[in-house]
Amino acid sequence: LISKSVAQELMQYHISDIEITIDGPPDVHNRRRISKDGENSFERVINGILNAGQFINVTIRINIDRENIGYYDDFLKYLSHRIKNLRNVSIKIERVVKDNSKSNIDSAYSIEEFSALELELYNKHSITKTDSTLLYKNLMLRCSAHNILTLNIDSYLNIYKCPVQIGNSVNS
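My aim in this report is to walk through the structure given alongside it, one point at a time. From a predicted model like this one, the values you see are computed outputs, not experimental measurements.

### Quick look at unusual backbone geometry
No. 1: With a phi angle near 65°, H14 is a residue other than glycine that sits in the positive phi range.
No. 2: Residue placement: H14 occurs in the loop between α1 (4-12) and β1 (17-22).
No. 3: Residue classification places H14 among the exposed residues on the basis of a relative accessible area of 72%.

### Describing the packing of helix α4 (residues 72-82) against helix α5 (residues 111-125)
No. 1: Where α4 meets α5, the axes come as close as 12 Å, and the angle between the chain directions of the two elements is 50°. Here α4 is positioned oblique relative to α5, judged by the angle of their axes. Relative to α5, α4 is oriented so that their crossing is right-handed. Judged by residue contacts, Y72, D73 and L76 of α4 engage L121, K124 and H125 from α5.
No. 2: When grouped by side-chain class, the residues that make up the contact of α4 with α5 number three nonpolar, one polar and two charged.

### Things to note about the packing of helix α3 (residues 41-52) against α4
No. 1: Remark: α3 packs on α4, axes separated minimally by 11 Å, with the N-to-C direction vectors making an angle of 45°. Taken together, the axes of α3 and α4 are oblique relative to one another. For the element pair α3 and α4, the recorded crossing hand is right-handed. On α4, the residues that touch F42, E43, I46, N47 and L50 of α3 are F75, Y78, L79 and R82.
No. 2: Taken together, the residues of the contact of α3 with α4 break down into six nonpolar, one polar and two charged.

What counts, and at which threshold
Residues numbered from 1 in each chain as written. Predicted model: local features only at pLDDT ≥ 70, side-chain atom pairs only at ≥ 80, totals over all residues. Heavy atoms only, no water. Helix = DSSP H or I, 4+ residues; strand = E, 2+ residues; numbered from the N terminus. Buried < 20%, exposed > 50% of the residue type's maximum accessible area, 1.4 Å probe, protein only. Axes fitted to C-alpha atoms, helices over the stretch in contact; angles between N-to-C directions. Parallel < 35°, antiparallel > 145°, perpendicular 65-115°, else oblique. Left-handed = near helix turned anticlockwise from the far one by under 90°. Contact = heavy atoms within 4.5 Å. Nonpolar A, V, L, I, M, F, W, Y, C, P; charged D, E, K, R; others polar.

Listed below in structure tokens is the structure:
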């Protein structure tokens, strides 16, 4: 996905922040995000985070639903270990919604349920920036479509204004 040279090029074009989506630990992510060549998409995403995080700010967006919430605590520890040397990498969680998930929509949280869950996770982990932990800086749920300077780019380099529309070619 993002090599060191791509990350450097983003920086040259004054792109200072990106968001990379991951759906949970390797087995969950790879089941939901099958790469065209059948290779391990999870490791590609992690390597992209590691590469980009050396040059620009990276927000790891973890998509949460009822199917993967049970992995969240361990997955957070795993991510913390993998990116412990990158000071400009943060995480946030987002709820899985019908329009941007290949998972079973019955597993999606309602907005109300997710808001309560997000607050619970934030309070439980009280994550702050230290030498080896992640910064959970995005407590508020804000849609990137409201920011004039934000675009969403999928793995095929299609550009979308709203992240909910990712994968819908009519809106790219």
